[in-house]
Amino acid sequence: MESSALRKSELHPSISDPVLDTMNFLNEVTLRYPEAISFAPGRPYDGFFQTEEVLAHLRRFLDHLADQGASPAQVRTAVYQYGPTAGQIREIIADSLRRDEGIDVPAESIVVTVGAQEAMMLVVRALIRDPRDVLLVPSPCYVGITGVARLLDVTLGPVPESPDGFSLENVAAAIRAQRAAGRRPRAFYLVPDHANPSGTTLSESDRAGLLHLAAKEDLLILEDTPYRLVSPGEPVRTLKALDRRRSVVHLGSYSKTIFPGARVGFAVADQTVVGDDGRTGLLADELSKIKSMVTVNTSSLSQAVVAGALLAAGGRVSELNAKAAGHYGDAMRRVLDRLADRLPAARRAELGARIRTDEAGTTGA
Ligand SMILES: Cc1ncc(COP(=O)(O)O)c(C=O)c1O
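Residues numbered from 1 in each chain as written. Predicted model: local features only at pLDDT ≥ 70, side-chain atom pairs only at ≥ 80, totals over all residues. Heavy atoms only, no water.

The name an unreviewed UniProt entry gives the protein is HpgT aminotransferase, with Actinoplanes teichomyceticus as the organism. The annotation that UniProt attaches to the protein under Cofactor (unreviewed entry) is "pyridoxal 5'-phosphate". (UniProt positions renumbered as here; feature names shortened; annotations may be inferred.)

What follows is the structure, given as structure tokens:
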């Protein structure tokens with residue numbers, strides 16, 4: 001061995017965890033076999049992207065700044081310079097959330113991030129104080145949150161899904177079990193719409209029940225929402241839209257709705273944080289502090305392109321994606337037809353397998 005070689009066992013243990021290989025592996029496989037249809041990553045269909053449109057989106061945002069009274073020098077700075085850590089398109093995102101999602105929050109409660117992935121990182125870092133704190137997650141859950149927990153040495157508390165999907169009783173039981181073991185359940189991360197990987201979507205009554213439980217148990221909900229506006233059918237209201245007690249930190253992604261190459265997402269963190277000196281601020285301000293030491297700010301160029309796309313759609317990401325949602329709906333129905341052909345009921349019974357579809361259009365098997 002060279003004298004300068006590093007021992008993996010001397011590096012952070014997360015590096016040896018197979019979870020950290022997952023994203024890379026999925027991306028590599030897709031790049032190596034472009035003709036294969038992979039069901040593993042949530043990779044948007046390429047066919048609706050138009051190369052020139054990126055330039056039009058950028059132009060639109062620059063024109064918007066000028067229309068808002070920015071001087072040519074200010075417009076130049078907006079794309080070329082380091083930007084504000086919390087982001088420079090927060091008003092446009094807040095406006096879009098109001099129009100599309102009925103989420104009415106001040107722009108100051110939004111932090112623009114490098115995808116929802118960074119938002120998870122910031123929120124988990126901020127909320128988990130010591131080894132007694134536990135982050136509850138559905139089981140199975142999205143590998144991105146497992147990876148964040150691993151990197152930050154955060155303990156996860158699994159909440160098993162029932163055979164029919166989400167179970168409020170299982171969340172309550174997990175909270176009780178963690179408390180009985182002397183731990184503090186701090187937050188529950190979930191994907192309430194078309195969860196990755198289970199496909200589960202929570203009904204509106206389950207959402208109301210979860211918010212009630214969160215308030216009772218002093219638990220925050222981390223709501224990750226990448227797929228809700230690219231799925232066919234009318235989406236159920238977000239937990240954040242139903243949240244009356246600021247129990248929900250909403251994590252947004254433009255990867256599936258605009259394009260993943262932009263790497264733009266956001267967190268809505270309108271929770272009040274009180275300092276020992278009695279001063280108050282927003283959780284978003286604390287997330288910004290952390291972000292300033294992780295990515296400094298989200299690429300100004302990427303934010304400009306995403307903002308241009310939002311402006312072009314009048315803030316309506318849902319309308320922007322009607323065609324894509326239709327395409328994914330057709331793809332799902334085709335998969336279901338093939339599954340039914342290849343795995344008829346008798347064969348499924350033999351294998352002990354089930355095909356579950358939810359009304360909003362996702363499948364778990
Ligand atoms: C459940 C879930 N959350 C978040 C993400 C990542 O979002 P982003 O590209 O905005 O980091 C994905 C991507 O596949 C996902 O499936």
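(A) Region of the structure containing the layout of surface pockets. Approximately 720 Å³ is the volume attributed to the second largest pocket. Every residue lining the second largest pocket is counted, 29 residues in all, and those nearest its centre are Met-23, Pro-41, Gly-42, Tyr-142 and Lys-256. Going through the elements one at a time, α1 (22-32) and α5 (115-127) are the ones with two or more residues in the lining of the second largest pocket. Partitioning the lining of the second largest pocket into residue classes produces 16 nonpolar, 8 polar and 5 charged. (1 Å grid on protein atoms, 1.4 Å probe; cavity = no way out; pocket = protein on both sides within 12 Å on 5 of 7 lines; lining within 4 Å. Points joined across faces, edges and corners; volume = space filled by probe spheres on them. Helix = DSSP H or I, 4+ residues; strand = E, 2+ residues; numbered from the N terminus. Nonpolar A, V, L, I, M, F, W, Y, C, P; charged D, E, K, R; others polar.)

(B) Main features of the site of the ligand. Around the ligand there are 14 residues in total, and Ala-116, Asp-224, Tyr-227, Ser-253 and Ser-255 lie nearest to it. Between the ligand and Asp-224 there is a distance of 2.5 Å, counted from a nitrogen atom to a side-chain nitrogen or oxygen. A distance of 2.8 Å is found between an oxygen atom of the ligand and a side-chain nitrogen or oxygen belonging to Lys-256. Considered on its own, the ligand offers 400 Å² of accessible surface; in the complex 92% of this is hidden by protein. Counting atoms within 2 Å of the grid points, the majority share of the ligand lands in the second largest pocket. When residues in the shell around the ligand are grouped by element, the largest group, 4 residues, is from α5. For the shell around the ligand, a count of residues per class yields 6 nonpolar, 5 polar and 3 charged. (Near = heavy atom within 4 Å. Polar contact = N/O pair within 3.5 Å; in protein donor to acceptor, adjacent residues only side chain to side chain. Areas by Shrake-Rupley, 256 points an atom, 1.4 Å probe, with all protein chains shown as cover. Sits in = over half its atoms within 2 Å of the grid points.)

(C) The arrangement of the sheet that holds strand β3 (residues 155-160) in detail. Spatial ordering of the open sheet is given by β1-β7-β6-β5-β4-β2-β3, a layout of 7 strands whose pairing is mixed. With partners counted over all chains shown, the strands left at the sheet margins are β1 (110-113) and β3, one partner each. Sheet twist, expressed as the average angle between the axes of neighbouring strands with direction ignored, equals 25 degrees. Relative to strand β5 (residues 220-224), strand β4 (residues 184-190) runs parallel, the two sharing 4 bridges. Bridge pairing links Leu-190 to Glu-223 in β5. Relative to strand β6 (residues 248-253), α5 is tilted by about 155 degrees, and along the sheet it contacts β1, β2 (133-139), β4, β5, β6 and β7 (265-268). Here helix α8 (residues 204-217) sits on the sheet and contacts β4, β5 and β6; the angle it forms with β5, its principal contact strand, is near 145 degrees. (Pairing = 2+ DSSP bridges. Axes fitted to C-alpha atoms, helices over the stretch in contact; angles between N-to-C directions. Contact = heavy atoms within 4.5 Å.)

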